[in-house]
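# Inside the fold
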Amino acid sequence: MTQKPKIRFVNKDKNKFFLTLKKRVDEHFTNQGLSRHANGTMVLKTIVLLCAYILPFIFILLFNPPLWLSLPLWIVMGLGIGGIGMSIMHDANHGAYSASENVNKWMGYSINLAGGGVLNWKLQHNTLHHMYTNVVPMDEDIQDRLIVRLSPHTDVRGIHRFQWIYAFFFYGILTLYWVVAKDFVQLVTFTKSGVNTQTRKENVATLVKLIVMKVVYFIVFFFVPIYIFGLPFGEILAGFLLMHFTAGLVLTVIFQLAHTVEGTDHPQANEKGIIENDWAIHQLQTTVNFSRQNKWLSWYVGGLNFQVEHHLFPRICHVHYPSIAPIVKQTAEEFGLVYLENETFGQALQSHVSTLKRFGQLPDWNEAIG
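Source: prediction; values computed, not measured. (Residues numbered from 1 in each chain as written. Predicted model: local features only at pLDDT ≥ 70, side-chain atom pairs only at ≥ 80, totals over all residues. Heavy atoms only, no water.)

### Re the overall build of the chain
- When helices and strands are counted, the chain shows 15 helices and four strands.
- Over its C-alpha atoms the chain spans a radius of gyration of 21 Å, differing by no more than 12% from the 21 Å that the globule rule assigns to 370 residues.
- Projected onto its principal axes, the C-alpha positions of the chain cover 65 × 60 × 45 Å.
- When each of the 370 residues of the chain is scored for burial, the buried share is 49%.
- In the chain, of all internal contacts separated by at least 6 residues, the share reaching a separation of at least 24 is 72%.
- Total accessible area computed for the chain in this model is approximately 17,900 Å², and 64% of it derives from carbon and sulfur atoms. (Helix = DSSP H or I, 4+ residues; strand = E, 2+ residues; numbered from the N terminus. Rg over C-alpha atoms; globule rule 2.2 N^0.38 Å. Buried < 20%, exposed > 50% of the residue type's maximum accessible area, 1.4 Å probe, protein only. Contact = heavy atoms within 4.5 Å. Areas by Shrake-Rupley, 256 points an atom, 1.4 Å probe, with all protein chains shown as cover.)

As structure tokens, this is what we get:
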């Protein structure tokens, strides 16, 4: 993999949007006497989500329920993985869960429960996605995935015309790919591209930790149920795949509803590697909120339906997003900026499907020739 190009944001008009917004958000927390980090609600959510993942597995091991009951339990575990990823791990690895670095570190390791590694996630998400949202080739989160095209600036093929139908299957295998291969692929590619700046010795240590973690992961999910509790291999394999398909589908859809929908920008740097825009305004133009009024959805997806607030203030725990959203929206409007959002989950999903259809269209060659 070649070295990633250096891209910079240049705020030529010296727009003061983010300075004004940051001051207002700071005043909100100061005036309310609130911490920016987790509160009692977040701690309770952490316990509930961890239990949703762990307790069904214990039940399966101890009671060997029939398939009609065990498969729904595996689905619950998949939903648990999704919740842990979107709420606990996500906040912790952004440094938003706690003011304590150690708490964030250990809560961030909850990503291991899904079979994923911390370092690569931080490089892909915190470094590349948050800094260069919707910018090809920097944003790894919108890179083409096999036969799914997620940007208007990559090559389009005939098969892409059907991606609005088959994309959701590939979304479902995301976490399974993550467990089996993605961490190893990214360790190599991020090192070659310069995104991973660790020394060779540090990367060897990272590789060893990844291998050990994944071996333990598969021991827990296959060796223990089959060889210690005597459960059928076929049922365990079916449940494991169902769990990961559930988690992958949930995680990928929630992410795509915030960035790969109608109305978002996909800017490109000029020949000098410059994007002429304020970074914070760029976040507004590439990010969309959805279903902000749905409290149940907001609880489960870790506030990722408040994606605008998250991209502007990733080090604030997501439980505070609903309270700062009106500040963000009002400030954006005062500066003549558009605060993008879809009012419902259904509207956001429909918008994503429409975008997949648009990105899957081949060029009109007659029009191009003319």
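### Points about unusual backbone geometry
- Cis geometry is found at the peptide bond from V136 to P137, where omega equals 5°.
- Tracing the chain through its elements places P137 in the loop between α5 (118–131) and α6 (163–172).
- In the Ramachandran plot, K14 falls in the positive-phi region, its phi being about 55° despite a non-glycine side chain.
- Checked against the element boundaries, K14 lands in the loop between β1 (8–9) and α1 (17–32).
- For K14, a relative accessible area of 63% puts it in the exposed group.
- Non-glycine residue N134 carries a positive phi angle of around 65°.
- If you trace the backbone, N134 turns up in the loop between α5 and α6.
- In this structure N134 comes out as buried when scored by relative accessible area, which is 0%.

### Quick word on the packing of aromatic side chains
- One pass over the structure, following the stated rule, counts 24 aromatic pairs.
- Each ring, one from F222 and one from F233, has its centre 6.4 Å from the other, and the planes form 40°; the classification is tilted. Remark: F233 occurs in helix α9 (residues 233–259) and F222 occurs in helix α8 (residues 200–228); sequence separation between them is eleven residues.
- The ring centre of W178 lies 5.8 Å from the NZ or CZ of K182, which sits over that ring.
- The lysine or arginine in question, K357, covers the ring of W164, its NZ or CZ lying 4.3 Å from the ring centre. (Phe/Tyr/Trp six-rings, centres within 6.5 Å; stacked < 30°, edge-to-face > 60°. Lys NZ or Arg CZ within 6 Å of the ring centre and 35° of its normal.)

### Things to note about the state of the cysteines
- Summed over all chains, the structure comprises zero disulfides.
- With no disulfide of its own, C51 has C317 as its nearest cysteine by sulfur position, at a separation of 18 Å.
- With a relative accessible area of 33%, C51 lands in the partly exposed category.
- Assessed through its relative accessible area of 0%, C317 is described here as buried. (Disulfide = S-S within 2.5 Å.)

### Thoughts on helix α3 (residues 67–93)
- Here α3 is 27 residues long and its end C-alpha atoms lie 36 Å apart, about the 39 Å a rise of 1.5 Å per residue gives.
- I84 marks the point of greatest bend in α3, at about 40°.
- With respect to burial, α3 is a largely interior element, 19 of its 27 residues being buried.
- Just downstream of α3, G95 is the residue with a positive phi angle, here 80°. (Expected span 1.5 Å × (residues − 1). Bend = angle between axes of the 7 residues up to and from the residue.)

### Considerations on the confidence of the model for the chain
- Model confidence for the chain is summarised by a mean pLDDT of 94, while 97% of its residues fall at 70 or above.
- Contacts for the low-pLDDT stretch residues 365–370, under 50 throughout, to residues beyond four places or in other chains number zero contacts. (pLDDT = per-residue confidence, 0-100.)

### Focus on the pattern of salt bridges
- A complete count under the given rule lists eight salt bridges for this structure.
- For R36, the salt bridge goes to D26, with nearest N and O atoms at 2.0 Å. Placement of R36 in the loop between α1 and α2 (40–63) and of D26 in helix α1 is noted, with a sequence separation of ten residues between them.
- In this structure, K329 and E341 form a salt bridge, with 3.5 Å as the shortest nitrogen-oxygen distance. Here K329 is found in helix α13 (residues 321–334), whereas its partner E341 is found in strand β4 (residues 341–342), with twelve residues between them in sequence.
- Salt bridges sharing partners connect three or more residues here, namely K22, D26 and R36. (Salt bridge = Lys/Arg side-chain N within 4 Å of Asp/Glu carboxyl O.)

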